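Chain by chain, the residues:
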Amino acid sequence: MENKQDTVLQIEHLTVCYETEDATVQAVNDISFTLQAGKTLGLVGETGAGKTTTALSVLRLVPEPPGNVSGRVLLNGRDIYQVKKSDLDQIRGKEVSMIFQDPMTVLNPVFTVGKQIAECFEIHEHCSKHEAMEKAAQMLKLVGISPERLHEYPHQFSGGMKQRVVIAIALACNPSLLIADEPTTALDVTIQAQVLQLMRQLKEKSQMAMIMITHDLGIVAEICDQVAVMYAGRIVEMGTLEDVFRRTKHPYTEGLFHSIPNIFNRQEELKPIPGRMPNPTDLPPGCAFAPRCAYAVEQCRKQLPTLQPCSESHRVACIRYAEPGFRVERSRGV
Amino acid sequence: MYRYVVKRLLMLLLVILGVSFLIYAIMDLAPGDPVWQILGEDATQEEYEAMRAELGFDRPLIIRYGDYMWGLLHGDLGYSYKYSMDVMELYLSRLPATLLLALSATIVSTLISLPLGIYAALRQGSWQDNVTAEFSVLGLATPNFWVGLMLIIIFSLHLGWFHSGGFTSWQDVILPAITVGTGHTALTTRTTRSSMIDVIRQDYLMLARAKGVSEKKVIRRHALKNALIPIITATGIQFTGSLGGSVITESVFSWPGVGRLVVDAIKSQDIDTVTGSIIMTAMITSIILLIVDLLYAFVDPRIKAQYNK
C-alpha cells in the first residue's frame, strides 16, 4: 500500500448526467479510482464512453446545468466540489491542468501565444507582465519552440506546434496532475510521435501524475502505468498495464484488442465488436456491453456487474468471473 | 496595411464620383426651378433669363457637372444662395453638432447594449434573455420622434432639467443623444448577444477556465475580444448612419446639424448646398468605414495578416 501522501487524485462514485429537455444522458456512472504521484493512468474507451466528461469533472468544468455531477473528487486531499468557486481558479492550472483534444480550437486566436502562456504565471505566481513573459519564453523553449515566436499568434503555428503551446500552458505552473484528453488525435502520425515523446520527457522530469485519455491502445502501451477501460460511462476493467494487456479479463477489452490490425499477420481479418454502444439516455438494466458480448448469458442482461478484484491490482466488472474457470479467449493459456 | 489603405482611398474617389453625379442629376431632374425660387414669382422673363445665365443653368447638365467637379477638386463645394455663403463653410459650421450627436448617441447605445447583450448571451433561453429581446424589439418599434417628444415632455417641461431644443450648452446634447442612441440599442444588443453566443461555446474559453482564469475575466477578456468584430461593424454602421443626420431627431430638438441643413436645402432647391453636403457626408462616411475596417486589424490579428498581404 502506497503512502496516502502520494495520492494525487481520488475519485469516489463519480456520476455525471446531462439533463436535456426530453431525456437524461448518463455520461459517467459511478466510477471510482485513485492515482498516485508520478503515475500515468490510461483512460481507454470508444467515443461517447464518458472519458472526456470524466476529465472535465476532475476540473469541475462540466457545465452545470445541463450537467449534474455527484460523488467526490479529491485532488491532493481536497474535494473540489466543496471548495468555493473563487478558490477553484487557484486550483485549476496550478494543481491540475488539462490538454485538450483539438489544438486548432483551444488557443485564443486574438492573443499571442506568449500572452496565453504568461497568463498562467500572472494568475498563479502573481508575476509582473514582464516576468511572466520571460517565463513564457522559457516554457516555449522547453516544448521545443524558439522563444522568438513568443509574440506570434496561434494562426501562425502549425497543428503540432499549437499542441506544443497547449502543453506549455498546461505545464506552466507544475501541476501535480495533468489530464491529457486525446492530445494526439487531431495530429498526423509523425507529429503524434513527436508530441508523445515530448510529453514523456516532460513527465519524467517532474513527479506529476497524468491521466491519458485515448482510444489508441498503442499510446497506452507506450506511456501508461495503469489502465482503466471505460464503456458506456462505467469502468469495466482496471489494472496495471501488464494486467490489462497481458491478462485481459473483460470481453470488451478483448474486443478492443481484436480491433487492432496485426502487423505480423496481414492476412488476418479484423474482428470488430459487433453492434454499437447503447444509447446513454437509455442504458440496458444489466451489463451495458451484454448486447454486443460473445460471452453474455441470460443473467448478464439482468444483473449490473460491479468491479471485482481478481488480483491485488486488477479489477473487472463482469459477472461471468463468478464461474470458476471462466476466461476470455485472449487470456486462455496465459 | 499601408497598401490596403491606399487601395481603399482610391476606391473612395470612385465612390465620390458616383455619389456626386447621382446627386447632381437627381437635383436637376427634381421638380421646381431654383431660379424662380431666388427671384420670386414676380420676376420678368428677362430677369429670369439673365439670372439663369448668371447661375450657369443654361448650359447642359454634363458641362455643369464637370464645372462643379473641377471646383470640388479645388475644395470648392459651390455657393449657397439661400444662406449666401460658401457651402464648405456652411457644412463645416454644422458638422460639429452632428458629430457630437452621433458620437454621444453611439456612447449611449454602447453603454446600454454591450452589457445587455452579454447578459442575454450568458443566460440564453432564460426569461431574462426573453425580456432583453422584448426590450430590443420595443426599442426598434418605437419611433424616434416619439421618444424625443416624451423626453422633452418629461425632462424639459415637467422637470426642467434640460432645454427642449437648440444647442447652446453641452447638456443640450443629452436628450437628443438618448433619443438616437436608444434607437440604435436594439440592433447592437442583438448583435452583441448573437456574437457572444457564438464565442462562449468555443474551446478556447474552456482552456482559459482550465488555466484558472476567473469567470469574469473569461467573459470580459477572452470572449469579448473575439466577439467584438460584428459589434464594431454594427456600431460603425449606426455611427455613419447618424452622420448623414438624424433628420427627425434634429428637427424635434432644433439641433443645428447637417441633417436639417440638407432637408432645408432640398426644400428651397439650394442645389449646391444639397450636392456639397451629401458629397461631404459620403466622404466622411467612407473614411469612417475605412477606420472601422482598420479597427478590425487591431482586434483580430488574422485580419491584420490579410491586410498586409
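Residues numbered from 1 in each chain as written. Chains lettered and ligands numbered in written order. Predicted model: local features only at pLDDT ≥ 70, side-chain atom pairs only at ≥ 80, totals over all residues. Heavy atoms only, no water.

A.B. asks: Requested: an account of the overall build of chain A, with residues and values cited.
C.D. replies: In terms of helices and strands, chain A carries 10 helices and 12 strands. In terms of overall dimensions, chain A is globule-like: its C-alpha atoms have a radius of gyration of 21 Å, near the 20 Å expected for 334 residues. With respect to the three principal axes, the spread of C-alpha positions in chain A is 65 × 50 × 45 Å. Every one of the 334 residues in chain A was classed for burial, and the buried ones make up 53%. (Helix = DSSP H or I, 4+ residues; strand = E, 2+ residues; numbered from the N terminus. Rg over C-alpha atoms; globule rule 2.2 N^0.38 Å. Buried < 20%, exposed > 50% of the residue type's maximum accessible area, 1.4 Å probe, protein only.)

A.B. asks: Lay out the pairing of strand 7 (residues 177-181) of chain A with the relevant residues and their values.
C.D. replies: Residues and elements named next belong to chain A. When you tally the buried positions in strand 7, you get five out of five residues, the bulk of the element. The alternating pattern of strand 7 places Leu177, Ile179 and Asp181 on one face and Leu178 and Ala180 on the opposite face, and all of these are buried. Looking at chain direction, strand 6 (residues 96-99) and strand 7 are connected through four bridges and run parallel. Along strand 7, the bridge assignment pairs Ile99 with Ala180. (Pairing = 2+ DSSP bridges.)

A.B. asks: Kindly report on the confidence of the model for chain B, identifying the contributing residues and their values.
C.D. replies: With 100% of its residues at a pLDDT of 70 or more, chain B shows a mean pLDDT of 85. Prediction confidence for the complex, expressed as pTM and ipTM, is 0.79 and 0.84 respectively. (pLDDT = per-residue confidence, 0-100.)

A.B. asks: Tell me about the packing of helix 6 (residues 159-171) of chain A against helix 7 (residues 189-205) of chain A, and please be specific about residues and values.
C.D. replies: All names here are of chain A. Two elements in contact, helix 6 and helix 7, have axes separated by 10 Å at closest approach and are oriented at 20 degrees. Judged on the interaxial angle alone, helix 7 and helix 6 are roughly parallel. The way helix 6 lies across helix 7 gives a crossing that is right-handed. Counted together, Gly160, Gln163, Arg164, Ile167 and Leu171 of helix 6 and Ile191, Gln194, Val195, Leu198, Met199 and Leu202 of helix 7 form the full contact between these two elements. Of the residues that constitute the contact of helix 6 with helix 7, the class distribution is seven nonpolar, three polar and one charged. (Axes fitted to C-alpha atoms, helices over the stretch in contact; angles between N-to-C directions. Parallel < 35°, antiparallel > 145°, perpendicular 65-115°, else oblique. Left-handed = near helix turned anticlockwise from the far one by under 90°. Contact = heavy atoms within 4.5 Å. Nonpolar A, V, L, I, M, F, W, Y, C, P; charged D, E, K, R; others polar.)

A.B. asks: A description of the packing of helix 1 (residues 2-29) of chain B against helix 13 (residues 271-299) of chain B should follow, citing residues and the corresponding values.
C.D. replies: Residue and element names in this part refer to chain B. Close contact between helix 1 and helix 13 brings their axes to 9 Å; oriented N to C, the two are set at 155 degrees. Considering their axes alone, helix 1 and helix 13 lie roughly antiparallel with respect to each other. Handedness of the helix 1/helix 13 crossing: right-handed.

A.B. asks: Any details on helix 6 (residues 127-141) of chain B? Residues and values, ideally.
C.D. replies: Compared with an ideal rise of 1.5 Å per residue, which puts 15 residues at 21 Å, helix 6 of chain B spans 21 Å between its outermost C-alpha atoms and is within 8% of the ideal. Tucked inside the fold, the buried residues of helix 6 of chain B contact helix 5 (87-122) and helix 8 (174-200) of chain B. (Expected span 1.5 Å × (residues − 1).)

A.B. asks: Go over the packing of aromatic side chains with me, naming the residues and quoting the values.
C.D. replies: Under the defined criterion, the tally for this structure stands at 11 aromatic pairs over all chains. Aromatic side chains Tyr231(A) and Phe289(A) sit 5.1 Å apart centroid to centroid with 80 degrees between the ring planes, which places their arrangement in the edge-to-face category. Of the two residues, Tyr231(A) sits in strand 9 (residues 226-231) while Phe289(A) sits in the loop between helix 10 (251-258) and strand 11 (308-309), which places them 58 residues apart along the sequence. Looking at Tyr231(A), the relative accessible area reads 1%, which means it is buried. What makes Phe289(A) buried here is its relative accessible area of 3%. Clustering of aromatic rings is evident, with ring pairs tying together Phe21(B), Tyr24(B), Tyr65(B) and Tyr68(B). Lying across the ring of Phe157(A), Arg149(A) places its NZ or CZ 4.1 Å from the centre. Above the face of the Phe111(A) ring, Arg221(B) is positioned so that its terminal group lies 4.8 Å from the ring centre. (Phe/Tyr/Trp six-rings, centres within 6.5 Å; stacked < 30°, edge-to-face > 60°. Lys NZ or Arg CZ within 6 Å of the ring centre and 35° of its normal.)

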